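Structural features, examined
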Amino acid sequence: MNKSSILLTMLFLLGCSHAQYTEDDARTSLESKYPNIQILSIEKINQNFFEIKVGEEIYYLTKDLKHLIAGNIIEMSSGNNLTENSYKETRLDLLSSISNDDVILYPSSDPKYTITVFSDTSCPYCQKLHNEIIDLTSNGISVRYILFARNGNEGQAYDDMVSVWCSKDRKESLDRLFENSSITSNTCDNPISNNYTRAMNLKVNGTPMIFFEDGSVIPGYVSSEKIIDALKNVR
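Quick summary incoming for the structure in this document.

1. A few points about the packing of aromatic side chains
- Evaluation of the coordinates by the stated rule reveals seven aromatic pairs.
- Centroid distance F118 to F211: 5.8 Å. Interplanar angle 70 degrees. Geometry classified as edge-to-face. Of this pair, F118 sits in strand β6 (residues 113-119) while F211 sits in strand β8 (residues 209-211), and the two are 93 residues apart along the sequence.
- Since its relative accessible area comes to 0%, F118 is described here as buried.
- Classification of F211 by relative accessible area gives buried; the value is 1%.
- Three or more aromatic residues joined by ring pairs make a cluster, and in this case those are F118, F148, Y196 and F211.
- Here the basic side chain of R170 rests over the ring of W165, its NZ or CZ set 3.7 Å away from the ring centre.
- Taking NZ or CZ as reference, K171 lies 5.4 Å from the ring centre of Y106, over its face.

How each quantity is defined
Residues numbered from 1 in each chain as written. Predicted model: local features only at pLDDT ≥ 70, side-chain atom pairs only at ≥ 80, totals over all residues. Heavy atoms only, no water. Phe/Tyr/Trp six-rings, centres within 6.5 Å; stacked < 30°, edge-to-face > 60°. Helix = DSSP H or I, 4+ residues; strand = E, 2+ residues; numbered from the N terminus. Buried < 20%, exposed > 50% of the residue type's maximum accessible area, 1.4 Å probe, protein only. Lys NZ or Arg CZ within 6 Å of the ring centre and 35° of its normal.

Below you can see the structure in the form of structure tokens.
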């Protein structure tokens, strides 16, 4: 056997010496090490990593099942943040489950984009964004408001948003609250309580929180001008 044949044989044997683990192998390994975790999904995203979704978090397990990584995985060749892409998919799944019957819509007359805004009427930065809503709608951006009380389903803010929802003209009542004007107290079946759970599932930890149609997010207030510019870059 010549040297070239020996070298090729050695490379072949070395290549075959690495076990090819599957998603089931990864699950078994993780559950044996961490029996109390609830794994939502496991997917082999490339030749090097398994992506593990546990609750609201994403982890990565190396292909040899030896290293569990917490953090973002960025593909150097493209610059794509693979972790953020997965979070976007999760956000879109959650957002798509919210019926338009549970939002207050400020439509654009010539819609090009739609943003979903988790908002609390007691939040001054939510009020600041609402003051710019005409800038958004006049630039082709429809706004879906999801109202929730960021401090939980009790207190004045919660009661106010229930009253908005149960009013005859929700947009007019919402406008009045954001103007610090009083509205008539009211109650009825409403989504405000459920919206708190939705907000927690989407990791809304501040208001306003703005979601784009591709699943990307702006956490907190930014000007309408910056929102318009950001939407132009959404693919």
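After that view of the structure, there is still more to cover.
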